[in-house]
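Chains, contacts and geometry: an overview
The chain contents come next:
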Amino acid sequence: MQDVIQREIIINATKERVYNAIATPEQLVLWFPETLEGDYKVGEQPVFGFGEYGKSQVYIVAANPYEYFAYRWVPGANNFLGDVLTVPNTLVEFRIQEQAHGQCKLTLIESGFAALPAEAYTENSGGWDFMLGRLIKYFAAA
């Protein structure tokens, strides 16, 4: 079983804009979860809402402005509400690197699938392709 999903995309935006799209609730809900409930800051456990697909509680691990943002969650478990740190979970990391000509490389890494059912990897692998596509469209429309 694979343990890590990794994707890299190039975005036509500054690293500040890319970071803000990931790390600020008002922008995050424009491309990723439909809703966000609770405090979206390090040490907190807000809830992402995905409409008909349910809700997932997350634990915000790190927020290093304009370079790195990370959280833990329980993939493949629609409607997981509870303390994320008490059950097998994955670490989702967003790494932002400035490139030439006003572009940024965004690297998404989700790790920790070895402790979860195999379908969690498959679901999230396709899910990240879809969501990162939405992020690219978000910046194209801006």
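Residues numbered from 1 in each chain as written. Predicted model: local features only at pLDDT ≥ 70, side-chain atom pairs only at ≥ 80, totals over all residues. Heavy atoms only, no water.

1. Considerations on the environment of Leu116
Note the cut-off: Segments assigned H or I by DSSP are reported as helices when at least four residues long, segments assigned E as strands when at least two residues long, and all are numbered from the N terminus. Relative accessibility under 20% of the residue-type maximum defines a buried residue, over 50% an exposed one, and the middle range a partly exposed one, all with a 1.4 Å probe and only protein chains included.
Structurally, the position occupied by Leu116 is in the loop between β7 (104-111) and α3 (118-141). Overall, the relative accessible area of 11% leaves Leu116 in the buried class. As a C-alpha pair, Leu116 and Glu67 span 49 residues in sequence and 28 Å in three-dimensional space.

2. Focus: the sheet that holds strand β3 (residues 47-49)
Just so we agree on the cut-off: A strand pair is defined by DSSP finding two or more bridges across the two strands. For every element, the axis is a line fit to its C-alpha atoms; helices are fit only across the contacting stretch, and the angle between N-to-C directions ranges from 0 to 180 degrees.
Taken together, seven strands build an open sheet; the order of strands is β1-β7-β6-β5-β4-β3-β2 and the sheet is antiparallel. For this open sheet the edge positions go to β1 (4-11) and β2 (35-37), each flanked by a neighbour on one side alone. Between one strand axis and the next, the sheet turns through 25 degrees on average, direction left out of account. The sheet contact formed by strand β6 (residues 90-98) and β7 spans eight bridges and is antiparallel. The residue bridging Phe94 from the neighbouring strand is Leu108, located in β7.

3. A short note on the pattern of salt bridges
Threshold: The term salt bridge refers to a side-chain nitrogen of Lys or Arg lying within 4 Å of a carboxyl oxygen of Asp or Glu.
Enumeration according to the criterion identifies three salt bridges in this entry. The closest approach of N and O atoms between Glu37 and Lys55, which form a salt bridge, is 2.8 Å. Taken together, the residues Glu37 in strand β2 and Lys55 in strand β4 (residues 55-64) connect sequence positions 18 residues apart.

4. A look at the packing of aromatic side chains
We apply this condition: Aromatic rings from Phe, Tyr and Trp, with only the six-membered ring used for Trp, were paired whenever their centres fell within 6.5 Å, and each pair was classed as stacked if the ring planes differed by under 30 degrees, edge-to-face if by over 60, and tilted otherwise.
In the structure shown here, the tally under the stated rule is 19 aromatic pairs. Pairing Phe32 with Phe50 gives two aromatic rings, centres 5.5 Å apart and planes at 70 degrees, and the pair type is edge-to-face. Of this pair, Phe32 sits in the loop between α2 (25-28) and β2 while Phe50 sits in the loop between β3 and β4, placing them 18 residues apart in sequence. For the pair Phe32 and Phe50, a shared accessibility class is recorded, and that class is buried. Ring plane angle 85 degrees and centroid distance 5.5 Å describe the contact between Tyr71 and Trp73, whose orientation is recorded as edge-to-face. Comparing Tyr71 with Trp73 shows no difference in burial state: the two are buried. Through a chain of ring-to-ring contacts, three or more aromatic side chains come together here, namely Tyr19, Trp31, Phe32, Tyr40, Phe48, Phe50, Tyr66, Phe69, Tyr71, Trp73, Phe94 and Trp128.

5. Brief notes about unusual backbone geometry
Positive phi values are uncommon outside glycine, yet Tyr66 reaches one of about 75 degrees. Tracing the sequence through the fold places Tyr66 in the loop between β4 and β5 (68-73). Look at His101: it is not a glycine, yet its phi comes out positive at around 60 degrees. Tracing the backbone through its elements, the reader meets His101 in the loop between β6 and β7. Assessed through its relative accessible area of 79%, His101 is described here as exposed.

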